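# Observations on the model geometry
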Amino acid sequence: MAPTRLSTRSEYESFVDRYDTFLFDCDGVIWHGSTVVNNVPEVLDMLRSRGKRLVFVTNNSATSRKDYVKKFTSLGIQASVEEIFSSAYATAVYLHDVLKFDPSKKVYVIGGSGIRHELEEVGITTLGHDDLGQVSLATLKEIEPNAEVGAVICGIDYDISYRKLANAHVNLVENPDCLFIATNDDRTLPGGKHMYPGTGSLLNTLVYSTQRTPLVMGKPNTPMLECVLKKFSLEPARTCMVGDRLDTDILFGIKGGLSTLCVLTGVADEAAVCSPESPQANYYMASLGDLSVIQ
Ligand SMILES: O=C(O)[C@H](O)[C@H](O)COP(=O)(O)O
Ligand SMILES: [Mg+2]
């Protein structure tokens, strides 16, 4: 079923009135990199003024929730830590609360400060963020499995290095008890003008070399979905997931029994959004900033 295209003021009004909670994806919906999408701050203000609850659900694990608040503020958007649910936070919650990860063990991280800080918040020590040094065949033998490492986590890492990959690889291959977790597995990362390699593209280097399958946290996978549904006690019939990608955001909404809105901000290809295998009823399409016509 093709999505219902919203384009008139009355269509926007009745769409907004249908829901109490809006889950917003971030990359490609609220912003592209560090550029906010036109009129989106006004749309979010309008929703808040109508008493709507906003939750920001992002697969981007590069930034901690506290630092996301700073980013939102810098872009003129009000947001609290409690409203932000990133794949780094979902990973920390899952390791700590669900897997009951042994705090005497450490986590080797391929990823940014977002993962490190969220894990530290739940008392888990991380390794790997400064493994940036050059490697040669002569120095390769220095890279050994570390018995203290109980898990390897892979997220988006703008400072990816062979040294990090080699450390992650030996820990995953030499220690079968070492958990293998990915914050998400998006193939690409929207950066505004272009798409770039996403977490999934980095992750698959390790999947290929170790022949191990990671547990993936982020949209549309179950760990993130269950955490969000539980933490915010969502009423599916009154909740809409707003995203830019069918394979993560829209599928996440469908799995949660939510309504979905696919936004067209130059990332989601309109043809793909309208593809015949597009999902179910309560599936909408709009340019998010256009909703600013209603106050
Ligand atoms: O590669 C990634 O990690 C993702 O493309 C990216 O960060 C997605 O973030 P989201 O659209 O879920 O905010
Ligand atoms: Mg996105």
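Bear in mind the structure is a predicted one, so any value in this text is a computation, not a measurement. (Residues numbered from 1 in each chain as written. Chains lettered and ligands numbered in written order. Predicted model: local features only at pLDDT ≥ 70, side-chain atom pairs only at ≥ 80, totals over all residues. Heavy atoms only, no water.)

## Some remarks on the UniProt feature "binding site: Mg(2+)" (unreviewed entry) in the protein chain
Cross-referencing UniProt, the feature "binding site: Mg(2+)" (unreviewed entry) maps to Asp25, Asp27 and Asp244 in the present numbering. Taken together, the annotated residues stretch across 220 residues yet fold into one region, lying no more than 8.2 Å apart by C-alpha. The annotated residues that sit in the lining of the largest cavity are Asp25, Asp27 and Asp244. By the element assignment, Asp25 lies in the loop between strand E2 (21–24) and strand E3 (31–32). Take Asp25: its relative accessible area is 4%, and that puts it in the buried class. (UniProt positions renumbered as here; feature names shortened; annotations may be inferred. 1 Å grid on protein atoms, 1.4 Å probe; cavity = no way out; pocket = protein on both sides within 12 Å on 5 of 7 lines; lining within 4 Å. Helix = DSSP H or I, 4+ residues; strand = E, 2+ residues; numbered from the N terminus. Buried < 20%, exposed > 50% of the residue type's maximum accessible area, 1.4 Å probe, protein only.)

## Observations regarding the coordination of the magnesium ion (ligand 2)
The magnesium ion (ligand 2) binds to the protein through Asp25 (OD), Asp27 (O) and Asp244 (OD); the donor distances cover 2.1 to 2.3 Å. Along the chain, the residues donating to the magnesium ion (ligand 2) are arranged with the sequence spacing D-x1-D-x216-D. The same class applies to Asp25 as to Asp27, namely buried. (Donors = N, O, S within 2.8 Å, 3.2 Å for Na, K, Ca; no water.)

## Remarks on the sheet that holds strand E7 (residues 106–110)
A sheet is described by the order of its strands in space; here five strands give the open sequence E8-E7-E9-E10-E13, paired in parallel fashion. Two strands close off the open sheet at either side, each with one partner strand: strand E8 (125–127) and strand E13 (215–216). For E7 and E8, the ladder comprises three bridges, and the chain directions are parallel. Paired with Lys106 across the bridge in E8 is Thr125. (Pairing = 2+ DSSP bridges.)

## Topic: the side chain of Asn60
Relative to the helices and strands, Asn60 resides in the loop between strand E5 (53–58) and helix H3 (65–74). Of note is the side chain of Asn60, whose polar atom sits 2.8 Å from the side chain of Asp27. (Polar contact = N/O pair within 3.5 Å; in protein donor to acceptor, adjacent residues only side chain to side chain.)

## Description of the site of ligand 1
As a matter of local geometry, ligand 1 sits amid 15 residues, with Asp25, Thr58, Asn59, Thr188 and Thr199 nearest to it. At 2.9 Å from an oxygen atom of ligand 1 is found a side-chain nitrogen or oxygen belonging to Asn184. In the model, an oxygen atom of ligand 1 is placed 2.7 Å from a nitrogen or oxygen of the Thr188 main chain. Relative to its unbound accessible surface of 350 Å², ligand 1 loses 100% to contact with the protein. (Near = heavy atom within 4 Å. Areas by Shrake-Rupley, 256 points an atom, 1.4 Å probe, with all protein chains shown as cover.)

## Concerning the environment of Phe56
Structurally, the position occupied by Phe56 is in strand E5. For Phe56 and Val242, which are 186 residues apart along the polypeptide, the C-alpha to C-alpha distance reads 9.6 Å. The residues contacting Phe56, other than those within four sequence positions of it, are Phe24, Cys26, Ile30, Leu44, Arg48, Phe72, Ala79, Glu83, Ile84 and Phe85. (Contact = heavy atoms within 4.5 Å.)

## A few points about helix H7 (residues 199–210)
End to end, H7 covers 17 Å across twelve residues, agreeing with the expected 16 Å (1.5 Å per residue, within 8%). Those residues of H7 that fall on the buried side of the exposure criterion are Thr199, Gly200, Leu202, Leu203, Leu206 and Thr210. Projected down its long axis, H7 carries its buried residues within an arc of 160°, all on one side. Residues of H7 that are buried in the fold lie against E7, strand E9 (149–154), helix H6 (162–174), strand E10 (179–182) and strand E12 (195–197). (Expected span 1.5 Å × (residues − 1). Arc of directions from axis to C-beta.)

## Describing the state of the cysteines
Counting across every chain of the model gives zero disulfides. There is no disulfide at Cys26, and the cysteine sulfur nearest it, in Cys240, is 15 Å away. Judged by relative accessible area, which is 1%, Cys26 ranks as buried. (Disulfide = S-S within 2.5 Å.)

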